[in-house]
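The primary structure of each chain is shown beneath.
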Amino acid sequence: MIWWRPLTGVAALKAAGSNELVLYRSAATDEKQTPITVSGIIALPPGSPPEGGWPVISWAHGTVGVGDKCAPSRDDEESLAHGINKAPHPLLNAYLRKGWAVVMTDYEGLGTPRPHPFLLGHSEARGILDMVRAAHKLHPGKLSKRFAIVGHSQGGQAALFAAADAKAWAPELELRTVIALAPASAIKPLFWLGVSGKEPSMGSAFIPLFLTGAIAGNPNIKPAELLASPEMVRLFEEAEEKCRVELSLLDSWGGVIPNKVIRQGANRVALDAQLTAMHPGFLKITAPVRLVQGVKDERVLPEQTKVVKQQLIDRKASVEYKEYPATDHFGVLNEDIAGSIDWLSNHP
């Protein structure tokens, strides 16, 4: 723990007895494991903790972009990321009312200096796990070593990586289970599908986000060598300051013709390797896994999550798959409140 202060405003969880904005130490995924600072929120239930401390839920948020102003801990009603940042609050408030502490990382580089390496799994994992450690440092004796990881969309993918890394990175903690709602997956095919279109698309906002994570994983991937023009390089650099909603606008990536983004004949070997490594189905997870998916989700397709389910099972994971027939990408956050509470209660 580096720094903290009480948190008020729309970023705070209403059911909490206290909300705190924190800055804590983690480590980058480079060879030197360079020390970095990460921001986040600690929300504790009202009253006194039970014997053994409050169980902890480490929440992994969905895609808001890579601009620091988009971070959940910086949320305000004027932010273009406000709708996304507010969406999980009913679920997280329900956890607090059950007597579970909720800790929420912003991830590396989101809300703090350094670029945010979007979907770089082991970076996200360290943010999620070190967030729990930071909460223990700030509130010694109040929190249980038992914790669960829950995430949505980008955060669903991040939650699975954190579950896979938990024993090695945070061996003093006891991971009980992981819930991944509509987890991002199939990153490589989605990227190349995204840059094949002939008409502008709001979905092109994800192109620079994917590239940000890939470049963080392998700095030898150079935007100037990969992107088709100086204008594409400029737009890529601009993404560092914007939320995902802004990137979807016509004066940004939403106005780009996708098949004009990547330089013809560009070497894609290193990029493909990084995009492939972002896929969560290749992980080995020993804690029980719950995958939750809306059938009407058009951002993360049910077929993708079913592939992840089978791949994790093939790697000896214990997986429950829950599907909601009438639910879309964000709808699962409310639809699964009761289901996730039941699941977590059965994995204390």
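Please read these numbers as outputs of a predicted model, since none were measured by experiment.

Each value, and the rule that gives it
Residues numbered from 1 in each chain as written. Predicted model: local features only at pLDDT ≥ 70, side-chain atom pairs only at ≥ 80, totals over all residues. Heavy atoms only, no water. Disulfide = S-S within 2.5 Å. Helix = DSSP H or I, 4+ residues; strand = E, 2+ residues; numbered from the N terminus. Buried < 20%, exposed > 50% of the residue type's maximum accessible area, 1.4 Å probe, protein only. Phe/Tyr/Trp six-rings, centres within 6.5 Å; stacked < 30°, edge-to-face > 60°. Lys NZ or Arg CZ within 6 Å of the ring centre and 35° of its normal.

I'd like a rundown of the state of the cysteines, residues and numbers included.
Within this structure, the stated rule accounts for 1 disulfide. Across a sulfur-sulfur distance of 2.2 Å, Cys70 and Cys243 are joined as a disulfide pair. Because the sign of the S-S torsion sets the handedness, a value of about -110° for the bond joining Cys70 and Cys243 places this disulfide among the left-handed ones. Of the two residues, Cys70 is situated in the loop between β4 (54-60) and α1 (82-86) and Cys243 in the loop between α8 (230-238) and α9 (244-247); the sequence distance between them amounts to 173 residues. The exposure class of Cys243 is buried, given its relative accessible area of 1%.

Tell me about the packing of aromatic side chains, and please be specific about residues and values.
Counting across every chain of the model gives 5 aromatic pairs. Relative to Trp192, the ring of Phe191 has its centre 5.1 Å away and its plane inclined at 90°; by these criteria the two rings are edge-to-face. Taking the centre distance of 6.3 Å and the plane angle of 40° together, the rings of Phe206 and Phe210 count as tilted. Taken together, the residues Phe206 and Phe210, both in helix α6 (residues 206-217) and 4 residues apart, mark about one turn of the helix. Phe210 carries the same exposure label as Phe206, and that label is buried. Positioned above the aromatic ring of Trp169, the side-chain terminus of Arg126 is 4.0 Å from the ring centre. In this structure, Lys309 packs its charged tip against the face of Tyr321, placed 5.3 Å from the ring centre.

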